[in-house]
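Topology and contacts: notes
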Amino acid sequence: MTDWIDIGTLADIPQRGARTVQIGDEKEIAVFRTGDDQVFALVNECPHKKGPLSQGIVHGHSVACPLHNWTIALKTGEAQGADSGCTPTIAVKEEGGRILIARPVAVRVAA
Amino acid sequence: MEFQIGTEPVADGEDILLMPSDDVREHLVVIGNGMAGCRAVEELLARDGTRYRVTIFGAEPYVNYNRIMLSPVLAGEKTFEQIVINDRAWYDDNGIDLIVADPVTAIDRAAKSVTARSGRTVHYDKLLIATGSDPFIIPVPGKDLPGVISFRDMKDVDTMLDAAGKGGDAVVIGGGLLGLEAAHGLTLRGMKVTVIHLMDTLMERQLDEAAGWLLKSALEARGQTILTGANTESIYGDGKVEGVRLKDGTEIPASLVVMAVGIRPSTALARDAGLAVNRGIQVDDHMVTSDADVLAVGECVEHDGNVYGLVAPLWDMCRSLADGLTDRHSGYRGSVTSTKLKVAGLDVFSAGDFSGGEGCEDIVLRDASRGVYKRVVVKDDKVVGAVLYGDTADGGWYFDLLKKGEDVADIRDLLIFGQAFASGGGALDPKAAVAALSDDAEICGCNGVSKGQVFACISAGACSLDAVRAGCKASASCGSCTGLVENLLSVVLGDEVQSGPKTMCKCTSFGHDDVRREIVAQGMRSIPEVMQRLHWSTPDGCSSCRPALNYYLLCALPGDYVDDQQSRFVNERMHANIQKDGTYSVVPRMWGGLTNPRELRAIADVVEKFNAPMVKVTGGQRLDIFGIRKEDLPAVWADLNAAGMVSGHAYGKSLRTVKTCVGSEWCRFGTQDSTGLGVKTERMTWGSWMPHKFKIAVSGCPRNCAEATIKDFGIVCVDSGYELHVGGNGGIHVRATDFLCKVATEQEALDYCAAFTQLYREEARYLERTAPWIERVGVDYVKSRIVEDDAGREALRARFLFSQQFMQDDPWAERAAGQHAELHQPLAPIAIAAE
């Protein structure tokens, strides 16, 4: 059974923005809230040069990396357009206004 | 559901305007705030915007929205805001009085007035009935139970979303387009859906048996249960709906029942008023009813024996109606319709008569593995009907052949393979394809514009996409026909097509200049408003257009516009420069390049306290502290603020630095106090947002130690005054400045600087530095605005100073004081050890 961790509420994340979740000492997960209030979670690193995706501009269901403007699909973590590469995704869901993140996946991608 | 400004529901009975008007124009009262009513008003305004005073009554509490798009809202693909056609501002801008949530309940033709549910009575000179249609409710027991709804308006969608939120089972009665759309949306929202259809195949009015079967299989593969030939006997439940019982005794439990079996013209109001009504309200070719002062349009009318439930005929009717109201003569002649649909994401097309019969021959292509089915019905060598499933690309071509009644004997063998093959094999040149279309072939479905109308518009002088849009509205809505219009332009004009400025980004077909102009002309006040009014193709733009729009609005509405942080690049959101490792560098402002022991100590302390690995003097004579973590930024800013330093904006599309030399105060050659003037210039210009980064320099003599001739604005002091230079940069393409003019006093130098800065702020495109801007518009143009036009210069200067009073707040101070502190902090930590 998946172990879900409560990391906060939808209102904690700005619409078309992101917050980070520290996992262990080294890694960060970026938790995104889109314009239509969907929530996605990715490792906070662009597949290109590890840019902090949490700081990018969120548009539709994508984020533009702040370092070199690669566009990453939030659902799959895959680079869009001519670029290729993929950032690991972490299962996340909203339940009763709380945001829950799949702990085993989070721990695995952070390792 | 949240509503943004302009689309908010209005409280029932809110008194909007019933004051006696001193407006002496004829009063047009419209009953119905839907697609037909508003479209008719739009067409009327396009012909004569001043002739009528307009009042619109709506039964629903909303502004005009696109009812066809309720399915995507239910499916979660669009929000309500995205399906609004005309927002509040449209009504306001056109002087239209909108009365919502107050349905009209009676028409008194003798007194020429209408009365609404709230009791308010309004007199009319002309009355337009656009009441649309009502969902047909089959009269079975239980039809009135709570939980039994239709699928017709926003309220129904809200009810369905509520029910879906609770999960469970839903039954949709009706396997036509509307029912299947409802079923699709409810399935996507997580409900277990059963579709009950009386006939043997789905969508039997649009599809033949084979296509209906393909559709049924595809829907079943998605988890829906489809019962055809199923006759509803009753809806059962104790106090609320619990299920549906069929005539054969089958019971299907459900907490929600959607009745989508059809619609019929809403004619009760007209009937009660004694107007001639048959199946619909009877109208003539100008949409006039049996009363010369009462018109009717849309799904509620019957024209020449026909009642229509599609959008294209409705647009035709609205045009004829507006022509009639403005004394033009182009009567409605009825519409031949085709149906091109996406049902639950599956492409379906049908046109004409495909029922077969005497003398009809079927040409059929089935490709089960591709999920494609095509059937063309030919009679006397003419296409009389077509059904396409899975691949509808050739729908328009078949429809065109059908309407023209063209003889297809020669291409019959290849007819079923589509236009490309039938017209000579291989793929057609798109220009040839569009050239081959008949004059009445529809180009723009949104606005019902035919090829002939686009041609006429081009012949009348339109030689760019924008001009065609302005002239005949083709491609001015959803933009999906933009390619067709461009091909038409090049067919007619060849190389003379003006490509116009490039579009801002792929979200829009408008260029930067158009968007800036429209923002000002239409008084738009927010990014969503711009995207809505200019028909953005994406829900919330992209990382390219959003920062540009944010800047354009900020520039157009100083002090008024609420900045959108999420549309700013990270540097401007974090007020620091992001570096390759994700840390930031911080540059405090040093006015004119001057500093002092206190500031230097504060910088040194910050470097030590936060373990900054590097400090560097920048090209603009400031100190840059590298390697600061996002979490530490507020504390760094607080420490620098405490020493009196503010943000250097070294990260922004904004005024960065004013570089100086020491000038007459220390230098043997200095002619004027360049350092002092630099400080004054920076005090005047700091904090201002720009299309791109902006640098100023003041050199104390022509030796030009501050390198003023490669800056956006450069001042070179000479014995007799100040030489002003513009448009230089030291970027990828080094460009020396153009000489603007020479002035005698420091104050003039400052005034010209302010005016030039504002001209650049107001007219350059986002991310266009002054150098390419000046090369584009010409330095003579800039001189004409700044040097030769004293009043214009003064106005620009005044606008700059006005906007500066809202901009010169230190962003560091706000953040150090705690604003948006959460953006620097992680949401929550997750420990790994416990795993």
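Structural data are supplied above this passage.
None of the values given here were measured: they were computed from a predicted structure.

Attention now goes to the overall build of chain B. Per the secondary structure count, chain B includes 27 helices and 39 strands. In chain B, of all internal contacts separated by at least 6 residues, the share reaching a separation of at least 24 is 62%.

The packing of two helices is summarised by the inter-axis angle and the distance between the axes. Residue and element names in this part refer to chain B. At a minimum axis distance of 8 Å, the contact between helix α23 (residues 746–763) and helix α26 (residues 790–807) shows a crossing angle of 80 degrees. When the interaxial angle is binned, α23 and α26 end up roughly perpendicular. Where α23 approaches α26, its residues D751, Y752, A754, A755, T757, Q758, L759, R761 and E762 are matched on the opposing element by R793, L796, R797, R799, F800, S803 and M807. Grouping the constituent residues of the contact of α23 with α26 by class yields seven nonpolar, three polar and six charged.

A word on the pairing of strand β10 (residues 98–102) of chain A. Residues and elements named next belong to chain A. With four of five residues buried, β10 lies mostly within the body of the structure. Sheet analysis places strand β1 (residues 4–9) next to β10, joined by five bridges and oriented antiparallel. In the sheet register, T9 faces β10, and the bridge partner there is R98. With four bridges connecting them, strand β9 (residues 92–95) and β10 associate as antiparallel partners. Paired with K93 across the strands is L100, a residue of β10.

A word on the environment of Y551(B). Along the polypeptide, Y551(B) turns up in helix α18 (residues 545–556). Excluding residues within four positions of it along the chain, Y551(B) makes contact with R516(B), W689(B), M690(B), P691(B), R761(B) and Y766(B).

We now examine the interface of chain B and chain A. Each side of the interface is counted separately: chain B has 32 residues, and chain A has 34 residues. Together, the buried faces of chain B and chain A total about 2800 Å²; carbon and sulfur atoms form 58% of this surface. Interface area lost by chain B to chain A is led by Q566(B), L827(B) and I830(B), which between them contribute 27%. Along the contact surface separating chain B from chain A lie one salt bridge. A salt bridge links R16(A) to D540(B), with the shortest nitrogen-to-oxygen separation between them at 2.9 Å. Viewed at the interface, chain A and chain B are joined by nine residue pairs in polar contact (both at pLDDT 80 or more). Here the side of chain B that touches chain A takes three residues from helix α19 (residues 570–574) of chain B, the largest share from any one element. Sheet topology note: the strand β2 (residues 17–23) of chain A/strand β39 (residues 829–830) of chain B ladder contains two bridges and is parallel. Directly across from Q22(A), in β39(B), lies its bridge partner P829(B).

Attention now moves to empty space enclosed by the protein. Applying the stated criterion to the full structure yields three cavities of 30 Å³ or more. Approximately 120 Å³ is the volume found for the largest cavity. Lining of the largest cavity is provided by 15 residues; of these, A18(A), S54(A), Q55(A), R573(B) and L823(B) occupy positions nearest its centre. Listing elements by their share of the lining of the largest cavity, those giving two or more residues are β2 of chain A together with α19 of chain B. Sorting elements by how many residues they give to the lining of the largest cavity places β2(A) first, with four residues. Its residues assigned to classes, the lining of the largest cavity shows four nonpolar, seven polar and four charged. Its volume calculated, the second largest cavity comes out at about 60 Å³. Lining the second largest cavity are P547(B), N550(B), Y551(B), L554(B), S567(B), R568(B), E572(B), K653(B), W689(B), M690(B) and Y766(B). Broken down by element, the lining of the second largest cavity gets its largest block of residues, four residues, from α18(B). Tallied by class, the residues present in the lining of the second largest cavity amount to six nonpolar, two polar and three charged.

The next point concerns the sheet that holds strand β7 (residues 113–116) of chain B. Residue and element names in this part refer to chain B. Pairing within the open sheet is antiparallel, and its three strands lie in the order β6-β7-β8. Of all strands in the sheet, those bounded by a partner on one side alone are β6 (104–108) and β8 (121–123). The mean angle between the axes of side-by-side strands here comes to 20 degrees, regardless of whether they run parallel or antiparallel.

So, on to the sheet that holds β1(A). All names here are of chain A. Strand order in this open sheet of three strands is β1-β10-β9, and the pairing throughout is antiparallel. The open sheet is flanked by β1 and β9, the only strands paired with a single partner. Neighbour to neighbour, the strand axes of the sheet diverge by 30 degrees on average, direction disregarded.

Residues L414(B), F417(B) and F421(B) make up a contiguous nonpolar surface patch of about 280 Å² in total accessible area. By the secondary structure assignment, L414(B) is in helix α10 (residues 412–415).

So, about the pattern of salt bridges. Residue and element names in this part refer to chain B. If you walk through the whole model with that rule in mind, you get 49 salt bridges over all chains. R412 is paired through a salt bridge with E361; the nearest N and O atoms lie 2.9 Å apart. In this pair, R412 is assigned in helix α10 and E361 in strand β25 (residues 360–367), connecting sequence segments 51 residues apart. Under the relative-accessibility criterion, R412 is labelled partly exposed at 25%. Two residues, E406 and K404, come together in a salt bridge whose shortest N-O distance is 3.3 Å. Residue classification places K404 among the partly exposed residues on the basis of a relative accessible area of 33%.

Reading the values: the criteria
Residues numbered from 1 in each chain as written. Chains lettered and ligands numbered in written order. Predicted model: local features only at pLDDT ≥ 70, side-chain atom pairs only at ≥ 80, totals over all residues. Heavy atoms only, no water. Helix = DSSP H or I, 4+ residues; strand = E, 2+ residues; numbered from the N terminus. Contact = heavy atoms within 4.5 Å. Axes fitted to C-alpha atoms, helices over the stretch in contact; angles between N-to-C directions. Parallel < 35°, antiparallel > 145°, perpendicular 65-115°, else oblique. Nonpolar A, V, L, I, M, F, W, Y, C, P; charged D, E, K, R; others polar. Buried < 20%, exposed > 50% of the residue type's maximum accessible area, 1.4 Å probe, protein only. Pairing = 2+ DSSP bridges. Buried area = accessible area lost by both parts, 1.4 Å probe. Salt bridge = Lys/Arg side-chain N within 4 Å of Asp/Glu carboxyl O. Polar contact = N/O pair within 3.5 Å; in protein donor to acceptor, adjacent residues only side chain to side chain. 1 Å grid on protein atoms, 1.4 Å probe; cavity = no way out; pocket = protein on both sides within 12 Å on 5 of 7 lines; lining within 4 Å. Points joined across faces, edges and corners; volume = space filled by probe spheres on them. Patch = residues over 30% accessible without salt bridge, like charges linked within 9 Å, V, L, I, M, F, W, Y side chains within 5 Å. Areas by Shrake-Rupley, 256 points an atom, 1.4 Å probe, with all protein chains shown as cover.

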